[in-house]
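Breakdown of the fold
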Amino acid sequence: MISFFTNTTSDRSVHIQSSRCSTKTIANFDAEHATTLEATHSVDPRTVIDLFTPAQGLTYLDSATYGLPPQPTLDALRGALDGWQGGTAHWIDDWDREAEVCRKLFAQLLHSRTDEVSLMPAVSVASAIVASAVPPGGEVLIPEGDFTSIIYPFLVAEKRGELTVREAPLEILAEAVTPATSLVATSLVQSADGRVVDLEALHLATRQVDARLYLDVSQALGVMPLNVEAAGVDYLACGAYKWLCCPRGVAFLYVREALWQTPSPVAASWRAGDSPYGRFYGMPLALASTAARFDVSLAWHAWVGARPSLETLCALDDDLRFRLACTPVRHLAERLELPPPDSSILSVPVVDDQRAAETLRAASIKASVRASQIRVSSHFYNSIADVEHAAEVLAPLVDRRPADRT
Ligand SMILES: Cc1ncc(COP(=O)(O)O)c(C=O)c1O
(Lines give C-alpha, C1' and ligand atoms only; values in the text may rest on other atoms or scores of the structure.)
Protein backbone atom coordinates (compact mmCIF):
# COMPACT_ATOMS: atom_id res chain seq x y z
CA MET A 1 0.00 0.00 0.00
CA ILE A 2 1.21 3.47 -0.82
CA SER A 3 -0.34 6.74 0.18
CA PHE A 4 -0.21 9.64 -2.25
CA PHE A 5 -2.07 12.09 -0.16
CA THR A 6 -0.26 13.93 2.50
CA ASN A 7 -2.03 17.25 2.20
CA THR A 8 -5.39 16.36 3.71
CA THR A 9 -6.54 17.29 7.16
CA SER A 10 -7.98 14.03 8.45
CA ASP A 11 -6.10 10.94 9.46
CA ARG A 12 -8.39 8.87 7.27
CA SER A 13 -6.34 9.49 4.13
CA VAL A 14 -7.17 7.32 1.20
CA HIS A 15 -4.62 4.73 0.28
CA ILE A 16 -4.21 3.44 -3.21
CA GLN A 17 -3.17 -0.14 -3.64
CA SER A 18 -0.44 -0.52 -6.18
CA SER A 19 -0.83 -4.28 -6.36
CA ARG A 20 -4.50 -4.58 -7.33
CA CYS A 21 -5.08 -6.57 -10.49
CA SER A 22 -6.80 -4.73 -13.31
CA THR A 23 -8.82 -6.04 -16.21
CA LYS A 24 -7.84 -2.97 -18.23
CA THR A 25 -5.64 -3.40 -21.23
CA ILE A 26 -2.82 -1.12 -20.26
CA ALA A 27 -0.45 -3.28 -22.28
CA ASN A 28 -2.32 -2.27 -25.41
CA PHE A 29 -1.62 1.43 -25.14
CA ASP A 30 0.09 2.72 -28.25
CA ALA A 31 3.60 4.14 -28.21
CA GLU A 32 2.58 7.68 -27.29
CA HIS A 33 0.37 6.52 -24.49
CA ALA A 34 2.98 4.11 -23.26
CA THR A 35 5.56 6.89 -23.22
CA THR A 36 3.18 8.98 -21.16
CA LEU A 37 2.68 6.15 -18.74
CA GLU A 38 6.35 5.38 -18.49
CA ALA A 39 7.43 8.97 -17.95
CA THR A 40 8.97 9.72 -14.61
CA HIS A 41 6.33 10.95 -12.22
CA SER A 42 6.16 10.97 -8.48
CA VAL A 43 3.30 8.50 -8.85
CA ASP A 44 3.06 5.62 -11.30
CA PRO A 45 -0.09 6.46 -13.31
CA ARG A 46 -0.95 2.78 -13.59
CA THR A 47 -1.62 2.56 -9.87
CA VAL A 48 -4.22 5.31 -10.27
CA ILE A 49 -5.74 3.94 -13.49
CA ASP A 50 -6.08 0.52 -11.87
CA LEU A 51 -8.54 1.99 -9.37
CA PHE A 52 -11.16 2.25 -12.10
CA THR A 53 -13.05 -0.87 -13.19
CA PRO A 54 -15.59 -0.36 -15.96
CA ALA A 55 -17.83 -3.39 -16.48
CA GLN A 56 -16.12 -6.31 -18.20
CA GLY A 57 -16.74 -6.19 -21.95
CA LEU A 58 -17.96 -2.57 -21.87
CA THR A 59 -16.06 0.19 -23.65
CA TYR A 60 -16.89 3.28 -21.61
CA LEU A 61 -16.30 6.46 -23.63
CA ASP A 62 -18.87 8.69 -21.98
CA SER A 63 -17.18 10.61 -19.15
CA ALA A 64 -18.77 13.80 -20.53
CA THR A 65 -22.05 12.33 -19.21
CA TYR A 66 -20.67 10.93 -15.96
CA GLY A 67 -17.20 9.99 -14.84
CA LEU A 68 -16.50 6.60 -13.29
CA PRO A 69 -15.61 6.45 -9.59
CA PRO A 70 -12.32 5.03 -8.33
CA GLN A 71 -12.48 2.15 -5.85
CA PRO A 72 -11.74 4.28 -2.73
CA THR A 73 -14.82 6.35 -3.53
CA LEU A 74 -17.03 3.28 -3.51
CA ASP A 75 -15.44 2.11 -0.26
CA ALA A 76 -16.07 5.49 1.37
CA LEU A 77 -19.69 5.58 0.18
CA ARG A 78 -20.30 2.07 1.47
CA GLY A 79 -18.78 3.00 4.81
CA ALA A 80 -21.01 6.07 5.02
CA LEU A 81 -24.12 4.03 4.26
CA ASP A 82 -23.18 1.50 6.95
CA GLY A 83 -22.73 4.32 9.46
CA TRP A 84 -26.13 5.70 8.49
CA GLN A 85 -27.85 2.30 8.66
CA GLY A 86 -26.48 1.56 12.10
CA GLY A 87 -26.80 5.08 13.41
CA THR A 88 -23.15 5.02 14.39
CA ALA A 89 -22.00 7.88 12.13
CA HIS A 90 -21.41 11.35 13.51
CA TRP A 91 -22.97 13.76 11.01
CA ILE A 92 -20.33 16.44 11.41
CA ASP A 93 -17.11 14.46 11.78
CA ASP A 94 -17.95 11.58 9.46
CA TRP A 95 -19.99 13.38 6.79
CA ASP A 96 -20.23 17.15 6.76
CA ARG A 97 -16.57 17.96 7.46
CA GLU A 98 -15.47 15.79 4.52
CA ALA A 99 -16.66 18.63 2.29
CA GLU A 100 -14.04 20.93 3.84
CA VAL A 101 -11.34 18.57 2.57
CA CYS A 102 -13.07 18.61 -0.83
CA ARG A 103 -12.98 22.42 -0.83
CA LYS A 104 -9.24 22.26 -0.31
CA LEU A 105 -8.66 19.60 -2.97
CA PHE A 106 -10.78 21.46 -5.51
CA ALA A 107 -8.76 24.63 -4.87
CA GLN A 108 -5.65 22.56 -5.52
CA LEU A 109 -7.00 21.46 -8.92
CA LEU A 110 -7.94 25.04 -9.76
CA HIS A 111 -4.72 26.59 -8.42
CA SER A 112 -6.84 28.93 -6.33
CA ARG A 113 -7.05 29.70 -2.66
CA THR A 114 -9.31 27.46 -0.58
CA ASP A 115 -11.29 30.41 0.81
CA GLU A 116 -12.32 31.41 -2.72
CA VAL A 117 -14.23 28.13 -3.18
CA SER A 118 -17.84 27.50 -2.13
CA LEU A 119 -19.73 24.22 -1.95
CA MET A 120 -22.67 23.74 -4.33
CA PRO A 121 -25.16 20.99 -5.16
CA ALA A 122 -25.28 21.78 -8.90
CA VAL A 123 -24.01 24.23 -11.50
CA SER A 124 -27.44 25.84 -11.94
CA VAL A 125 -27.34 27.00 -8.29
CA ALA A 126 -23.91 28.54 -8.85
CA SER A 127 -25.23 30.30 -11.97
CA ALA A 128 -28.19 31.71 -10.03
CA ILE A 129 -25.79 33.17 -7.47
CA VAL A 130 -23.63 34.70 -10.22
CA ALA A 131 -26.74 36.10 -11.96
CA SER A 132 -27.52 38.04 -8.77
CA ALA A 133 -24.20 39.90 -9.21
CA VAL A 134 -25.11 41.47 -12.55
CA PRO A 135 -25.90 45.17 -12.09
CA PRO A 136 -29.52 46.20 -12.86
CA GLY A 137 -30.10 46.31 -16.64
CA GLY A 138 -26.63 44.86 -17.32
CA GLU A 139 -25.94 42.75 -20.39
CA VAL A 140 -24.91 39.10 -20.10
CA LEU A 141 -23.18 37.69 -23.17
CA ILE A 142 -23.39 33.92 -23.75
CA PRO A 143 -22.28 31.61 -26.58
CA GLU A 144 -24.98 30.06 -28.76
CA GLY A 145 -26.02 26.59 -27.64
CA ASP A 146 -24.29 26.46 -24.26
CA PHE A 147 -25.57 24.09 -21.58
CA THR A 148 -28.86 25.23 -20.04
CA SER A 149 -27.70 25.12 -16.38
CA ILE A 150 -25.30 27.94 -17.18
CA ILE A 151 -27.73 30.11 -19.13
CA TYR A 152 -31.22 29.44 -17.68
CA PRO A 153 -30.66 31.36 -14.42
CA PHE A 154 -29.68 34.40 -16.53
CA LEU A 155 -32.74 33.94 -18.76
CA VAL A 156 -34.93 33.74 -15.66
CA ALA A 157 -33.37 36.97 -14.36
CA GLU A 158 -33.99 38.53 -17.79
CA LYS A 159 -37.64 37.52 -17.54
CA ARG A 160 -37.82 39.28 -14.19
CA GLY A 161 -36.52 42.41 -15.95
CA GLU A 162 -33.22 42.43 -14.05
CA LEU A 163 -30.79 42.07 -16.97
CA THR A 164 -30.57 41.33 -20.70
CA VAL A 165 -29.03 38.30 -22.37
CA ARG A 166 -27.33 38.36 -25.79
CA GLU A 167 -25.98 35.39 -27.72
CA ALA A 168 -22.99 35.19 -30.08
CA PRO A 169 -21.29 32.27 -31.85
CA LEU A 170 -18.65 30.65 -29.63
CA GLU A 171 -15.88 31.33 -32.16
CA ILE A 172 -16.40 35.13 -31.98
CA LEU A 173 -17.50 35.45 -28.36
CA ALA A 174 -14.60 37.72 -27.39
CA GLU A 175 -15.21 39.97 -30.39
CA ALA A 176 -18.86 40.27 -29.39
CA VAL A 177 -17.98 41.88 -26.02
CA THR A 178 -18.94 45.59 -26.02
CA PRO A 179 -18.82 48.36 -23.40
CA ALA A 180 -22.47 47.44 -22.63
CA THR A 181 -21.42 43.94 -21.54
CA SER A 182 -21.49 43.36 -17.77
CA LEU A 183 -20.73 39.64 -17.72
CA VAL A 184 -19.67 36.90 -20.13
CA ALA A 185 -20.97 33.46 -19.10
CA THR A 186 -19.59 30.46 -20.97
CA SER A 187 -18.38 26.90 -20.68
CA LEU A 188 -14.67 26.41 -21.17
CA VAL A 189 -15.42 23.19 -23.08
CA GLN A 190 -18.77 22.89 -24.81
CA SER A 191 -20.84 19.99 -23.52
CA ALA A 192 -22.38 19.25 -26.93
CA ASP A 193 -19.24 18.84 -29.00
CA GLY A 194 -16.07 19.58 -27.01
CA ARG A 195 -15.22 22.93 -28.63
CA VAL A 196 -12.97 25.07 -26.42
CA VAL A 197 -13.52 28.79 -25.95
CA ASP A 198 -10.61 31.19 -26.54
CA LEU A 199 -10.03 32.04 -22.89
CA GLU A 200 -7.13 34.40 -23.50
CA ALA A 201 -9.15 36.50 -25.95
CA LEU A 202 -12.08 36.57 -23.52
CA HIS A 203 -9.84 37.66 -20.66
CA LEU A 204 -8.54 40.58 -22.72
CA ALA A 205 -11.95 41.56 -24.05
CA THR A 206 -13.67 41.52 -20.64
CA ARG A 207 -10.85 43.43 -18.95
CA GLN A 208 -10.96 46.10 -21.66
CA VAL A 209 -14.58 46.97 -20.84
CA ASP A 210 -14.42 46.07 -17.13
CA ALA A 211 -16.86 43.17 -17.57
CA ARG A 212 -16.80 40.07 -15.38
CA LEU A 213 -16.04 36.55 -16.67
CA TYR A 214 -18.02 33.51 -15.48
CA LEU A 215 -16.63 30.15 -16.62
CA ASP A 216 -18.21 26.70 -16.34
CA VAL A 217 -15.47 24.06 -16.27
CA SER A 218 -17.72 21.02 -15.75
CA GLN A 219 -16.49 19.55 -19.07
CA ALA A 220 -12.90 20.63 -18.54
CA LEU A 221 -11.46 20.53 -15.03
CA GLY A 222 -9.68 17.28 -14.27
CA VAL A 223 -8.46 17.16 -17.86
CA MET A 224 -7.71 20.69 -19.08
CA PRO A 225 -5.04 22.42 -16.98
CA LEU A 226 -6.30 25.76 -15.69
CA ASN A 227 -4.87 28.41 -13.44
CA VAL A 228 -7.99 30.34 -12.54
CA GLU A 229 -6.26 33.51 -11.39
CA ALA A 230 -3.89 33.74 -14.35
CA ALA A 231 -6.83 33.15 -16.70
CA GLY A 232 -8.59 36.24 -15.33
CA VAL A 233 -11.69 34.35 -14.29
CA ASP A 234 -14.01 36.14 -11.83
CA TYR A 235 -16.55 33.39 -11.18
CA LEU A 236 -16.25 29.69 -11.99
CA ALA A 237 -18.62 26.75 -11.61
CA CYS A 238 -17.87 23.06 -11.83
CA GLY A 239 -20.10 20.02 -11.60
CA ALA A 240 -17.83 17.31 -10.18
CA TYR A 241 -19.68 14.20 -11.39
CA LYS A 242 -18.03 14.13 -14.80
CA TRP A 243 -14.28 14.62 -15.13
CA LEU A 244 -13.71 14.83 -11.36
CA CYS A 245 -15.25 11.35 -10.90
CA CYS A 246 -17.36 12.42 -7.91
CA PRO A 247 -20.90 11.39 -6.99
CA ARG A 248 -23.75 13.54 -8.33
CA GLY A 249 -24.66 16.35 -5.93
CA VAL A 250 -21.14 17.72 -5.66
CA ALA A 251 -20.32 20.99 -7.39
CA PHE A 252 -18.24 24.07 -6.68
CA LEU A 253 -18.37 27.81 -7.20
CA TYR A 254 -15.18 29.87 -7.24
CA VAL A 255 -15.53 33.58 -6.47
CA ARG A 256 -12.50 35.85 -6.72
CA GLU A 257 -11.82 37.48 -3.34
CA ALA A 258 -12.47 41.03 -4.55
CA LEU A 259 -16.03 39.95 -5.45
CA TRP A 260 -17.08 38.13 -2.28
CA GLN A 261 -19.51 40.90 -1.37
CA THR A 262 -20.98 41.22 -4.89
CA PRO A 263 -23.29 38.25 -5.55
CA SER A 264 -26.22 37.67 -3.23
CA PRO A 265 -25.97 34.43 -1.21
CA VAL A 266 -29.49 33.62 -2.42
CA ALA A 267 -29.62 30.12 -0.90
CA ALA A 268 -27.98 31.03 2.43
CA SER A 269 -28.34 28.39 5.16
CA TRP A 270 -26.66 27.42 8.43
CA ARG A 271 -23.86 25.97 6.25
CA ALA A 272 -23.00 29.46 4.94
CA GLY A 273 -22.83 30.94 8.43
CA ASP A 274 -19.74 32.27 10.16
CA SER A 275 -19.95 29.35 12.58
CA PRO A 276 -21.56 26.50 10.65
CA TYR A 277 -21.52 23.99 13.50
CA GLY A 278 -22.27 26.54 16.21
CA ARG A 279 -25.33 28.51 15.10
CA PHE A 280 -28.55 26.97 13.84
CA TYR A 281 -31.38 29.24 15.00
CA GLY A 282 -32.72 32.75 14.68
CA MET A 283 -31.34 36.18 13.86
CA PRO A 284 -29.05 37.88 13.06
CA LEU A 285 -27.81 37.03 9.56
CA ALA A 286 -24.18 36.10 10.20
CA LEU A 287 -22.55 34.75 7.05
CA ALA A 288 -18.97 33.58 6.55
CA SER A 289 -16.61 36.34 5.46
CA THR A 290 -15.10 34.20 2.65
CA ALA A 291 -16.62 32.49 -0.42
CA ALA A 292 -18.04 29.98 2.07
CA ARG A 293 -20.87 32.53 2.48
CA PHE A 294 -22.31 31.02 -0.75
CA ASP A 295 -22.20 27.40 0.53
CA VAL A 296 -25.43 25.42 0.19
CA SER A 297 -26.33 22.64 2.68
CA LEU A 298 -24.67 19.41 1.60
CA ALA A 299 -25.96 16.04 0.39
CA TRP A 300 -23.68 14.37 2.92
CA HIS A 301 -22.94 10.98 1.39
CA ALA A 302 -22.09 12.45 -1.98
CA TRP A 303 -19.40 14.58 -0.35
CA VAL A 304 -18.00 11.60 1.56
CA GLY A 305 -17.53 9.93 -1.82
CA ALA A 306 -16.15 13.09 -3.41
CA ARG A 307 -13.13 13.28 -1.18
CA PRO A 308 -11.36 10.09 -2.38
CA SER A 309 -12.31 10.95 -5.98
CA LEU A 310 -10.63 14.35 -5.71
CA GLU A 311 -7.66 12.82 -3.91
CA THR A 312 -7.29 10.36 -6.79
CA LEU A 313 -7.35 13.23 -9.32
CA CYS A 314 -4.80 15.19 -7.32
CA ALA A 315 -2.44 12.22 -7.33
CA LEU A 316 -1.73 12.90 -11.03
CA ASP A 317 -0.36 16.24 -12.15
CA ASP A 318 -2.26 18.51 -14.56
CA ASP A 319 -0.12 17.76 -17.55
CA LEU A 320 -0.27 14.00 -17.13
CA ARG A 321 -4.06 14.01 -16.69
CA PHE A 322 -4.41 16.11 -19.83
CA ARG A 323 -2.24 13.82 -21.94
CA LEU A 324 -3.74 10.58 -20.63
CA ALA A 325 -7.31 11.80 -21.19
CA CYS A 326 -6.87 13.46 -24.58
CA THR A 327 -4.62 10.93 -26.30
CA PRO A 328 -7.38 8.32 -26.84
CA VAL A 329 -9.86 10.74 -28.50
CA ARG A 330 -7.07 12.26 -30.58
CA HIS A 331 -6.11 8.79 -31.71
CA LEU A 332 -9.76 8.11 -32.59
CA ALA A 333 -9.96 11.35 -34.57
CA GLU A 334 -6.89 10.32 -36.54
CA ARG A 335 -8.32 6.88 -37.26
CA LEU A 336 -11.61 8.43 -38.45
CA GLU A 337 -9.79 11.16 -40.43
CA LEU A 338 -11.43 13.92 -38.39
CA PRO A 339 -9.76 17.09 -37.06
CA PRO A 340 -8.13 16.46 -33.65
CA PRO A 341 -10.19 17.79 -30.73
CA ASP A 342 -8.73 20.43 -28.37
CA SER A 343 -10.43 18.76 -25.41
CA SER A 344 -11.12 15.19 -24.30
CA ILE A 345 -14.42 15.23 -26.23
CA LEU A 346 -14.65 14.25 -29.90
CA SER A 347 -17.78 14.92 -31.89
CA VAL A 348 -18.22 12.38 -34.67
CA PRO A 349 -20.72 13.36 -37.40
CA VAL A 350 -22.93 10.45 -38.46
CA VAL A 351 -25.45 10.08 -41.26
CA ASP A 352 -28.04 8.14 -39.25
CA ASP A 353 -27.94 8.66 -35.47
CA GLN A 354 -30.58 5.97 -34.82
CA ARG A 355 -28.48 3.39 -36.63
CA ALA A 356 -25.35 4.66 -34.88
CA ALA A 357 -27.01 4.26 -31.46
CA GLU A 358 -27.98 0.67 -32.25
CA THR A 359 -24.54 -0.18 -33.62
CA LEU A 360 -22.79 1.23 -30.56
CA ARG A 361 -25.14 -0.68 -28.25
CA ALA A 362 -24.50 -3.92 -30.12
CA ALA A 363 -20.74 -3.35 -29.81
CA SER A 364 -21.03 -2.58 -26.05
CA ILE A 365 -19.65 0.92 -26.52
CA LYS A 366 -21.02 3.65 -24.28
CA ALA A 367 -20.96 7.12 -25.87
CA SER A 368 -23.59 9.84 -26.26
CA VAL A 369 -25.75 9.98 -29.32
CA ARG A 370 -26.86 13.52 -30.19
CA ALA A 371 -28.60 14.87 -33.28
CA SER A 372 -26.42 13.68 -36.19
CA GLN A 373 -23.35 13.21 -34.02
CA ILE A 374 -21.78 10.83 -31.56
CA ARG A 375 -20.05 12.46 -28.61
CA VAL A 376 -17.08 10.30 -27.63
CA SER A 377 -15.23 11.29 -24.49
CA SER A 378 -12.15 9.68 -23.00
CA HIS A 379 -10.72 10.05 -19.50
CA PHE A 380 -7.36 9.03 -18.08
CA TYR A 381 -8.74 5.55 -17.39
CA ASN A 382 -9.36 4.90 -21.10
CA SER A 383 -6.87 3.05 -23.26
CA ILE A 384 -5.98 3.18 -26.93
CA ALA A 385 -7.57 -0.26 -27.21
CA ASP A 386 -10.88 1.33 -26.19
CA VAL A 387 -10.77 3.81 -29.05
CA GLU A 388 -9.42 1.25 -31.53
CA HIS A 389 -12.61 -0.70 -30.90
CA ALA A 390 -14.68 2.49 -31.30
CA ALA A 391 -12.83 3.37 -34.53
CA GLU A 392 -13.71 0.04 -36.13
CA VAL A 393 -17.36 0.38 -35.15
CA LEU A 394 -17.75 4.07 -36.03
CA ALA A 395 -15.78 4.19 -39.32
CA PRO A 396 -18.66 2.99 -41.53
CA LEU A 397 -21.09 5.40 -39.82
CA VAL A 398 -19.16 8.68 -40.27
CA ASP A 399 -20.87 11.36 -42.32
CA ARG A 400 -18.33 12.34 -44.99
CA ARG A 401 -20.57 14.81 -46.79
CA PRO A 402 -19.30 18.42 -46.91
CA ALA A 403 -20.03 20.31 -43.68
CA ASP A 404 -22.00 23.06 -45.44
CA ARG A 405 -24.66 20.66 -46.76
CA THR A 406 -28.24 21.86 -46.28
C1 LIG B 1 -21.09 22.31 -19.18
C2 LIG B 1 -22.03 21.71 -18.18
N3 LIG B 1 -22.33 22.39 -17.06
C4 LIG B 1 -23.15 21.88 -16.14
C5 LIG B 1 -23.73 20.65 -16.28
C6 LIG B 1 -24.63 20.12 -15.21
O7 LIG B 1 -25.38 21.15 -14.62
P8 LIG B 1 -26.18 20.91 -13.28
O9 LIG B 1 -25.18 20.63 -12.23
O10 LIG B 1 -26.91 22.18 -13.03
O11 LIG B 1 -27.11 19.76 -13.54
C12 LIG B 1 -23.45 19.89 -17.43
C13 LIG B 1 -24.06 18.57 -17.65
O14 LIG B 1 -23.97 17.96 -18.67
C15 LIG B 1 -22.59 20.45 -18.40
O16 LIG B 1 -22.27 19.77 -19.50
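Residues numbered from 1 in each chain as written. Predicted model: local features only at pLDDT ≥ 70, side-chain atom pairs only at ≥ 80, totals over all residues.

A short note on the overall build of the protein
Across its full length, the protein holds 12 helices and 12 strands. Sorting the 406 residues of the protein into buried and exposed places 45% on the buried side. In the protein, of all internal contacts separated by at least 6 residues, the share reaching a separation of at least 24 is 73%. (Helix = DSSP H or I, 4+ residues; strand = E, 2+ residues; numbered from the N terminus. Buried ≥ 20, exposed ≤ 12 C-beta atoms within 10 Å, placed from the backbone. Contact = placed C-beta atoms within 7 Å.)

Some remarks on the nonpolar core
Membership of the largest hydrophobic core comes to 112 residues, with the highest contact counts inside it found for V184, L221 and F252. Residue assignment places this core across two domains, with domain 1 (26-68 + 317-397) and domain 2 (91-314) each supplying three or more. Apart from the residues lying within four places of it in its own chain, the contact partners of V184 are L141, L173, V177, L202, T206, A211, L213 and Y214. (Core = buried A, V, L, I, M, F, W, Y, C linked by C-beta atoms within 7 Å. Domains from an automatic or database assignment.)

Quick notes on the site of the ligand
Taken together, 13 residues lie around the ligand, and A122, S124, S149, S191 and S218 are the ones closest in. Listed by contribution, the elements that provide at least two residues to the shell around the ligand are α6 (123-131) and α7 (148-159). (Near = placed C-beta within 6 Å.)

Some details on the sheet that holds strand β2 (residues 117-120)
Through backbone hydrogen bonds, the strands of a sheet pair up, either in parallel or in antiparallel fashion. Ordered in space as β2-β8-β7-β6-β5-β3-β4, the seven strands form an open sheet in which the pairing is mixed. For this open sheet the edge positions go to β2 and β4 (163-168), each flanked by a neighbour on one side alone. In this sheet, adjacent strand axes meet at a mean angle of 20° when their direction is disregarded. The sheet strands contacting α6 are β2, β6 (212-216), β7 (235-239) and β8 (251-255), and the helix crosses β7 at an angle near 165°. (Pairing = 2+ DSSP bridges. Axes fitted to C-alpha atoms, helices over the stretch in contact; angles between N-to-C directions.)

A short note on the pairing of β8
Counting buried residues along β8, five of its five residues qualify, which places the element largely inside the surrounding structure. Alternating residues of β8 divide into A251, L253 and V255 and F252 and Y254, and every residue in both groups is buried. Both β7 and β8 contribute to a ladder of five bridges, which runs antiparallel. Its bridge partner lying in β8, C238 is registered against F252.

Examining helix α5 (residues 98-110)
Compared with an ideal rise of 1.5 Å per residue, which puts 13 residues at 18 Å, α5 spans 19 Å between its outermost C-alpha atoms and is within 8% of the ideal. Those residues of α5 lying buried are E98, A99, V101, C102, R103, L105, F106, L109 and L110. Packing partners of the buried residues in α5 comprise α4 (91-96), β2, β8 and α9 (300-314). Once α5 finishes, H111 follows within two positions and takes phi at roughly 60°, a positive value. (Expected span 1.5 Å × (residues − 1).)

Observations concerning unusual backbone geometry
For residues that are not glycine, phi is negative in most cases, and the peptide bond is trans in most cases. The linkage connecting M283 with the following residue, P284, adopts the cis geometry, with an omega of -5°. Here P284 lies in the loop between β8 and α9. Phi angles above zero are rare outside glycine, and E337 is one such case at about 55°. Of note, E337 is situated in the loop between α10 (318-335) and β9 (345-349). The backbone phi angle of S364 is positive, close to 55°, even though this residue is not glycine. Along the chain, the position of S364 falls in the loop between α11 (353-362) and β10 (365-366). Classification of S364 as partly exposed rests on a count of 14 C-beta atoms within 10 Å.

Topic: the sheet that holds strand β11 (residues 368-370)
Strand order in the open sheet formed by three strands is β9-β12-β11, with antiparallel pairing between adjacent strands. The open sheet has two edge strands, β9 and β11, and neither has a second partner. With strand direction ignored, the average angle separating the axes of adjacent strands in the sheet is 25°. As judged from the three bridges shared by β11 and strand β12 (residues 373-377), these two strands associate in the antiparallel manner. When the sheet's bridge partners are listed, S368 is paired in β12 with R375. Along the sheet face, α10 touches β9 and β12 and points at about 25° away from the line of β9.

Quick word on the confidence of the model for the protein
Of all residues in the protein, 89% attain a pLDDT of 70 or more, and the chain-wide mean is 91. Predicted confidence for residues 1-29 stays below pLDDT 50, and this span has 45 contacts to residues more than four positions away or in other chains. (pLDDT = per-residue confidence, 0-100.)

What to know about the environment of Y277
Structurally, Y277 is set in the loop between β8 and α9. Since 13 C-beta atoms lie within 10 Å of it, Y277 is described here as partly exposed. Sequence-wise, Y277 and D96 are 181 residues apart; in three dimensions their C-alpha atoms are separated by 9.7 Å.

What about the environment of P276?
With respect to the element layout, P276 can be found in the loop between β8 and α9. Remark: the alpha-carbon pair of P276 and L287, spanning 11 residues in sequence, is separated by 9.1 Å. What P276 contacts, discounting residues up to four positions off in sequence, is W270 and R271.

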